[in-house]
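Summary of structural features
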Amino acid sequence: MADGLAGTASVPGAASLAAPGSPHASMRGVTRVYPGAAPVHALGPIDLDLARGEFFSVVGPSGCGKSTLIDVQAGLAVPSAGEVTFEGRPVSGKVPDGIGVVFQEDASFPWLTVTDNIAFGLRRAGVDPAEVRRRVEYAVGFMGLRDFARAYPVQLSGGMRQRVCIARTLVLQPRLILLDEPFGALDQQTRLLMGDELLRLWRETRATVLLITHALDEAAMLSDRVGAMSARPGRFVDLLETGWPRERDSSLVAEAGFGAITARLWSHLRAESLKAMGGAPP
Amino acid sequence: MSAALARPGRPRGLALDQPLIVLALLLCWQGAYAYAGSSAITSPLATIAYAASMLQQGWFWSNVGATALAFFYSLVIASLIGVLAGLGLGLWRFAGDVTEPVLAALYTIPKVTLYPLILLLFGLGLPAKVAFGVIHGVIPVTLFTLAAVKGLPPVLLRSARAMRLSPRQTLLHVLAPAVLPEIFTGLRVGFSLTLLGVLIGEMFASQKGMGFLILNGINLHNVKLTTAVVLIVVVTAILANAGLLAADKRLRRQR
Ligand SMILES: Nc1ncnc2c1ncn2[C@@H]1O[C@H](COP(=O)(O)OP(=O)(O)OP(=O)(O)O)[C@@H](O)[C@H]1O
Ligand SMILES: [Mg+2]
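Residues numbered from 1 in each chain as written. Chains lettered and ligands numbered in written order. Predicted model: local features only at pLDDT ≥ 70, side-chain atom pairs only at ≥ 80, totals over all residues. Heavy atoms only, no water.

1. Here's the deal with the site of ligand 1
Residues and elements named next belong to chain A. Around ligand 1, 13 residues are found, and the nearest of them are Gly63, Lys66, Ser67, Thr68 and Gln104. Between an oxygen atom of ligand 1 and a main-chain N or O atom of Gly63, the distance comes to 2.9 Å. With respect to ligand 1, the backbone of Cys64 contributes an N or O atom lying 3.1 Å from an oxygen atom. Relative to its unbound accessible area of 640 Å², ligand 1 is 61% covered by the protein chains. In terms of residue count, helix H3 (residues 66–74) provides more of the shell around ligand 1 than any other element does, three residues in total. Here the residues of the shell around ligand 1 are counted per class, giving four nonpolar, six polar and three charged. (Near = heavy atom within 4 Å. Polar contact = N/O pair within 3.5 Å; in protein donor to acceptor, adjacent residues only side chain to side chain. Areas by Shrake-Rupley, 256 points an atom, 1.4 Å probe, with all protein chains shown as cover. Helix = DSSP H or I, 4+ residues; strand = E, 2+ residues; numbered from the N terminus. Nonpolar A, V, L, I, M, F, W, Y, C, P; charged D, E, K, R; others polar.)

Here you go:
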């Protein structure tokens, strides 16, 4: 239990940063240990409250448990300890209605065209065909896949496949969107533009977003709040508020405050990344 | 093993390859005839002529029917058992990990050691022929299906869970389409081996069928008959396999 105390102590002011009223999603003392001959303590303890409509990003060194955090919040993995909630109800072992996940790996279905991939979840949910067509058409355009609507994933680049997966999740209109390094396969320019699109989408849908990213500038530009994680087992070593207005885009990178935020994130991550790579912090 | 097959499109020069292979086989055949003489094998032309005359005879077709029936039963049974066992073992990962090497080992032991056992169990006739077919075909189908399920990227099943699919929907709309091409390859390999098994079964355990005709021709020194039946079986098998291979490639075109 010393772990639990240490975890809470390492997040000064986490509780005060939580939204007034009940959080949209929350984790309390959440840890995840992968069982086995040599159990791996991958995550936590984590305490996190996501306010409804908030854009929250997580940065952390490789292997620190970011994907595990998403799995646990989504209900794809059961926490070894602690509690996870979504819209006031406990989450465990099953993905609740209203949560959408975009995975780190390419999850497009190779036997379906781009259009059919994007329509997949809607069709399984029994949504009216006209409505499916409307939403899919919009998503195809939104994600810049118009010329490839009839192509199969094998004919697409890695970044385009990831856009298909994002679209497939977005058309389900989730209220909480969990994105695990969705732009990992994109070049810097496209990444910034996709960030703008994501912001636009976030404003339009009023969804809550939890974004995992390894790009500090992306986290700094997109988020209301950024959590910096320690090396495995991942905990928050810093939660910082960016203070950006809701109407924002990638032109923020020119703001004076932007550099300060990125610098602060890097100061945490530098040490933790060195630890994650087995080196000693300077 | 699917990587090489997965490339879309037709390799160039295929149209020329096939006639060349046929020509080479005919030359080998003619060579064998020149070497061994008419007491062992008949010449290509004489055989083709005799095979054509056989195609007009009732006794020949009743033997074809016997083989086709046994083959049909064997293929259905081997496919069903193989696909179900492969799916079960693949989904129940632990069992799959334990059984796969055992199956692979079983696959390599000469099936001939099982023949006496099958004859004791099933006697002579259709059931024994079917059993011979099944033991030859079932293991490759199982292994291919097992490999397909084990090779499935876990993120596809995680996506199914994230999109709140029911187990039935996951099976029908994710698992089945994901493993289908690989299973089809297994069925294609199983097809050839099952046919082989049935023919062997007919040689050992039957008074009817193509395998029986081949053995009968050998016993009666009817070289013409043996060679003609072998020719017809080989041509049929090659055509069927080419058809299945084309279907296989079609299935994989999108991958
Ligand atoms: N199924 C598993 N079994 C055992 N250990 C696992 C499993 N999945 C992940 N781990 C371990 O848990 C730790 C956290 O993994 P996770 O994938 O959450 O990290 P991550 O922060 O997402 O890494 P990356 O930045 O590389 O995506 C890693 O050390 C990993 O080795
Ligand atoms: Mg990850």
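Structure shown, so let's carry the discussion forward.
2. As for the pattern of salt bridges
All told, the structure shown has 18 salt bridges over all chains when counted by the stated rule. Note that Arg191(A) and Glu218(A) form a salt bridge whose closest N and O atoms lie 2.5 Å from each other. Residue Arg191(A) is located in helix H7 (residues 188–205), and its partner Glu218(A) is located in helix H8 (residues 216–222); the two are separated by 27 residues in the primary sequence. Of the residues examined, Arg191(A) reaches a relative accessible area of 8% and is grouped as buried. On the accessibility criterion, Glu218(A) (5% relative accessible area) is buried. As a salt-bridge pair, Asp248(B) and Arg188(B) come within 3.0 Å of each other at their nearest N and O atoms. Taken together, the residues span a long stretch of sequence, with Asp248(B) in helix H11 (residues 223–252) and Arg188(B) in helix H9 (residues 167–205) at a distance of 60 residues. With respect to class, Asp248(B) is no different from Arg188(B); both count as buried. (Salt bridge = Lys/Arg side-chain N within 4 Å of Asp/Glu carboxyl O. Buried < 20%, exposed > 50% of the residue type's maximum accessible area, 1.4 Å probe, protein only.)

What is shown is where atoms sit, not what they do.
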